[in-house]
Amino acid sequence: MRILALPLAALLGLALPVQAQEETDAPSPNQIVDEAPREEWVTIPPENLLVMTLAPAVDGSARKVVIQLMPAPFSQGWVANIRTLARAGWYDGITINRVQDNYVVQWGDPNYDNPEAKGAATPLPEGLRIMNEIDYISDEIGQALAMEDVAIDEDPYADTTFFQGWPVGGDTDGAWPVHCYGMIGVGRGYSPDTGSGAELYTVIGHAPRHLDRNIALVGRIVEGMEHLSSLPRGSGALGFYTAEEADKRTPILTVRVVSDLPESERPAFEYLSTDSDAFARYADARANRRDPFFIVPAGGADICNIPVPVRRVVD
C-alpha cells in the first residue's frame, strides 16, 4: 500500500507571481492531462463501477450516471451493501427526493426518512452489513502515513493528500475520504445510525468538508454529473421535495454493477495515477496557474480544487 503526498512545492505552487507573465508557454492543467503517458493511467475495475439510469429528460434524451465506488480500505462495509442493493434490484424505481442548492442531491426510497413520506418503506434485502462510526476512518492508512513520515498539506480541516486516485484527509491516527464536488455519501439519521447505503447523496456545491468523518463516503460521479446538478431544487426542509412537488422527483429506473452487464455494454474508465509525474505536474498547475490567461498565480489550492482526472476508455 502506497501513499502519495505531493510535496508542498507541488500542492501549494510556490512560484512567484511574476512567473505568470514570464512563463507564457506554460501548459494548462488540461494540456498536462491530455499529454500524460498511457502507462500513467489506471483502469477502474468494472466491479467498482455502477451505472444509474434516470428516467429520460423532458426532451426524451437518455440520462445515465456512472459512479465509481470507493476502494479499500475506505468504507468497504457500505460499498458491499451498495453492491448488494444494486444486485437485488432494490434501487430500481426509487427517486431523487432532495435537491438542496449548493449542497447535495439525495436519492432513495421516497417513503424512507422523508418528511413528506406517506407510505411504507420498501423492505431492505437480507445480508446488509451494519457499520460503526469508527468505520468512517481507516487507521491502516494513518499507520502508513506515520511510517512514511510524509510531508502533507494542511488545511483548516485536516492534513490532506491523495491515495490511489482519491483525495483524503488524515493524521497519524487515521485517514478518511473528503467531501469534494461529486463525491457520494451515505444518508443516515442521528448517531449512532451510520446508514446502510439505501440512501445516497452527491455533493453539488462548495465542498462541505465539515461532514468529513461524520458520514461515510462511498464513491464519486465520474460521468453524467450534469443530470444530477441541474435537477430542480426542492422547497421543503433541507431541499426535500414537498408533497406538492411530487412531480419533481426524478425516478431512478435501474442501478447496475458494471461487471454484471454484458461485456458489450460495459463502460470503461481510467484515472490518472496520483503517484505519477504527470499528476504532480497537473496538481502544481492547478495550484498555480501559469498559462497565458492568468495574470497572478493563486499560490495554492484546496485539495478539492485538484480533481483527479478520470476519463472514459474508447475502443
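Not measured: the values here are computed from a predicted model.

Definitions and cut-offs
Residues numbered from 1 in each chain as written. Predicted model: local features only at pLDDT ≥ 70, side-chain atom pairs only at ≥ 80, totals over all residues. Heavy atoms only, no water. Salt bridge = Lys/Arg side-chain N within 4 Å of Asp/Glu carboxyl O. Helix = DSSP H or I, 4+ residues; strand = E, 2+ residues; numbered from the N terminus. Buried < 20%, exposed > 50% of the residue type's maximum accessible area, 1.4 Å probe, protein only. Polar contact = N/O pair within 3.5 Å; in protein donor to acceptor, adjacent residues only side chain to side chain. Contact = heavy atoms within 4.5 Å. pLDDT = per-residue confidence, 0-100. Disulfide = S-S within 2.5 Å.

## Considering the pattern of salt bridges
Evaluated as defined, the whole model comprises 13 salt bridges. Of the charged contacts, one joins D101 and R233 as a salt bridge, the two residues approaching to 3.0 Å between their closest N and O atoms. Remark: R233 occurs in the loop between helix 6 (226-229) and strand 13 (252-257) and D101 occurs in the loop between strand 4 (95-100) and strand 5 (104-108); sequence separation between them is 132 residues. The exposure class assigned to D101 is exposed, which follows from its relative accessible area of 54%. You can call R233 partly exposed: its relative accessible area is 30%. Close ionic contact of D291 with R289 constitutes a salt bridge, the shortest N to O distance being 2.8 Å. One connected set of salt bridges, linked through shared partners, spans E47, R83, R87 and D260.

## A word on the side chain of T202
Residue placement: T202 occurs in strand 11 (residues 200-203). Among the polar contacts listed, one links the side chain of T202 to the backbone oxygen of M183, at a separation of 3.0 Å. With near-sequence residues (within four places) excluded, T202 lies in contact with Y103, V104, V105, W107, G182, M183, I184, I221, M225 and L228.

## Quick look at the confidence of the model for the protein chain
Chain-level statistics for the protein chain give a pLDDT mean of 87 and a share of 86% at 70 or above. Here residues 1-21 is a poorly scored stretch, pLDDT under 50, and it has 66 contacts once near neighbours within four places are set aside; other chains count. When the criterion is pLDDT under 50, residues 146-152 qualifies, and its contacts beyond four places in sequence or with other chains add up to twelve contacts.

## Focus: the state of the cysteines
Under the defined criterion, the tally for this structure stands at one disulfide. Each disulfide pairs two cysteine sulfurs, and for C180 the partner residue is C304, the sulfurs being separated by 2.0 Å. One quick way to see it: the torsion about the S-S bond of C180 and C304 is about -80°, and its sign makes the bridge left-handed. One end of the pair, C180, is in the loop between strand 9 (174-177) and strand 10 (183-186); the other, C304, is in the loop between helix 7 (277-287) and strand 15 (310-312), and 124 residues separate them in sequence. Grouping residues by exposure puts C180 and C304 together as buried.

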